[in-house]
Amino acid sequence: GGFLQMLQNIHQGYPTEALLRFLKARDWNVQKAHKMMLDCLEWRTQNEIDKILTKPIVPVDLYRAIRDSQLVGVSGYSKEGLPVIAIGVGLSTYDKASVHYYVQSHIQMNEYRDRVVLPSASKKQGRPICTCLKILDMSGLKLSALSQIKLMTAITTIDDLNYPEKTETYYIVNVPYIFSACWKTIKPLLQERTKKKIQVLKGCGKDELLKIMDYESLPHFCRREGSGSGRHISNGTVDNCFSLDHSFHQELYNYVKQQALAKGSSAPIRHGSVHVRFPEPDTEGTKIFDTLETEFQKLGNEHKV
């Protein structure tokens, strides 16, 4: 049942919704959507994606370093029951491990979201929940972020091609000048369906976001009172959904460890990352990063003292 299991891992009991995601991603062109789905199945087979949740990143100190440098987590749920994924775009450094580890960790989070988080959200709501909200924190975005463009492009490309239409809305918060300056240039590059999904919010976005989620589900970087230096105030790491100590990451890490044991190989868990083939990037994500790079450089030159 390898193939059926694979399909199950993609649709989680909602095949119609899964097909619709691929169709949407290819603007309702059936041939293109079909090809996209076959390519996705081939990518999953070649890279053993169905087994990736049995491959924990060990030792735990390495995993903690990855969590501290690839800032992403689930901070809670919207009032409609959609998982809220928080991403620290500006402060992620991606400098504690090889690219392969970051890609592995990213795919594990995707798979855990699709196989565990969304199905349990669907059960709780009594209806299919197949998408998430993403809140992108731009605090700390600097020109040096460009060194991560390759990795960010790889991750975006994997998402665009193999996990299409999983995000309902992107909320962008804590936007520095440098981002506003680029946004005008980036916006025209986006496909219409992407453009409709992106909302750039004022400040930390708290007031807007509280309309769609409770305070408990707000990521820590959206909780600032007023302006000023409230950025680091949060009760330890429990509120910081990027941290390995946050309940979401604890559950995810334990889940992967248990899956590894359940696989029944008595062999110890191997160190070393899983090498996933990156697709050739030619998606809109790539265009965005290329443009960002050019724009950042222009701005950088203008602002050299």
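Residues numbered from 1 in each chain as written. Predicted model: local features only at pLDDT ≥ 70, side-chain atom pairs only at ≥ 80, totals over all residues. Heavy atoms only, no water.

(A) Structural context of the overall build of the protein chain. Scanning the protein chain from terminus to terminus reveals 11 helices and 5 strands. Going through the 305 residues of the protein chain one by one, you find that 50% of them count as buried. Considering only contacts in the protein chain between residues 6 or more positions apart, those separated by 24 or more positions represent 80%. When the accessible surface of the protein chain is totalled, it reaches about 15,400 Å², and 56% of it is carbon and sulfur. (Helix = DSSP H or I, 4+ residues; strand = E, 2+ residues; numbered from the N terminus. Buried < 20%, exposed > 50% of the residue type's maximum accessible area, 1.4 Å probe, protein only. Contact = heavy atoms within 4.5 Å. Areas by Shrake-Rupley, 256 points an atom, 1.4 Å probe, with all protein chains shown as cover.)

(B) Molecular detail of the pattern of salt bridges. Applying the stated rule across the entire model yields 16 salt bridges. A salt bridge links Lys-51 to Glu-48; the shortest N-O distance between them is 3.3 Å. Asp-239 is paired through a salt bridge with Arg-223; the nearest N and O atoms lie 3.3 Å apart. Remark: Arg-223 occurs in the loop between helix H9 (206-209) and helix H10 (247-262) and Asp-239 occurs in the loop between H9 and H10; sequence separation between them is 16 residues. Among the charged side chains, a network of salt bridges with common partners joins Asp-27, Glu-165, Arg-193 and Lys-197. (Salt bridge = Lys/Arg side-chain N within 4 Å of Asp/Glu carboxyl O.)

(C) Broad picture of the environment of Ile-87. Mapped onto the fold, Ile-87 is located in strand S2 (residues 83-88). As a C-alpha pair, Ile-87 and Gly-73 span 14 residues in sequence and 6.8 Å in three-dimensional space. Leave out the neighbours within four places in its chain, and Ile-87 touches Leu-71, Val-72, Lys-134, Ile-135, Leu-136, Asp-137, Phe-221 and Phe-242.

(D) Local environment of the sheet that holds S2. Pairing within the open sheet is mixed, and its 5 strands lie in the order S1-S2-S3-S4-S5. Both outer strands of the open sheet, strand S1 (72-77) and strand S5 (198-200), are each paired with one neighbouring strand and no more. Taking the axes of each pair of neighbouring strands and ignoring which way they run, one obtains an average angle of 25 degrees across the sheet. (Pairing = 2+ DSSP bridges. Axes fitted to C-alpha atoms, helices over the stretch in contact; angles between N-to-C directions.)

(E) Summary view of the environment of Val-116. For Val-116, the location among the structural elements is in helix H5 (residues 99-125). When the C-alpha atoms of Val-116 and Leu-252 are compared, they prove to be 9.3 Å apart, with 136 residues separating the residues in sequence. Discounting residues that sit within four places of it in the chain, Val-116 has contacts with Glu-111 and Tyr-255.

(F) Fine view of unusual backbone geometry. Here the amide bond leading from Val-58 into Pro-59 is cis, since omega sits at -10 degrees, within 30 degrees of zero. The phi dihedral of Glu-48 is positive, around 50 degrees, even though this residue is not glycine. Relative to the helices and strands, Glu-48 resides in the loop between helix H3 (30-46) and helix H4 (60-69). In this structure Glu-48 comes out as partly exposed when scored by relative accessible area, which is 39%. Even without glycine at this site, Asn-174 takes up a positive phi of about 55 degrees. With respect to the helices, strands and loops of the structure, Asn-174 is situated in the loop between strand S4 (167-173) and helix H7 (177-186). Overall, Asn-174 belongs to the buried group, its relative accessible area being 11%.

(G) Representation of the side chain of His-220. Residue position: His-220 is located in the loop between H9 and H10. Given a relative accessible area of 16%, His-220 falls into the buried group. Apart from the residues lying within four places of it in its own chain, the contact partners of His-220 are Asp-239, Asn-240, Cys-241 and Phe-242.

(H) Representation of the confidence of the model for the protein chain in the model. Looking at the protein chain as a whole, the pLDDT averages 86, with 86% of positions reaching at least 70. Considering only residues more than four positions removed or in separate chains, one finds that residues 227-237, a stretch of pLDDT under 50, has 7 contacts. (pLDDT = per-residue confidence, 0-100.)

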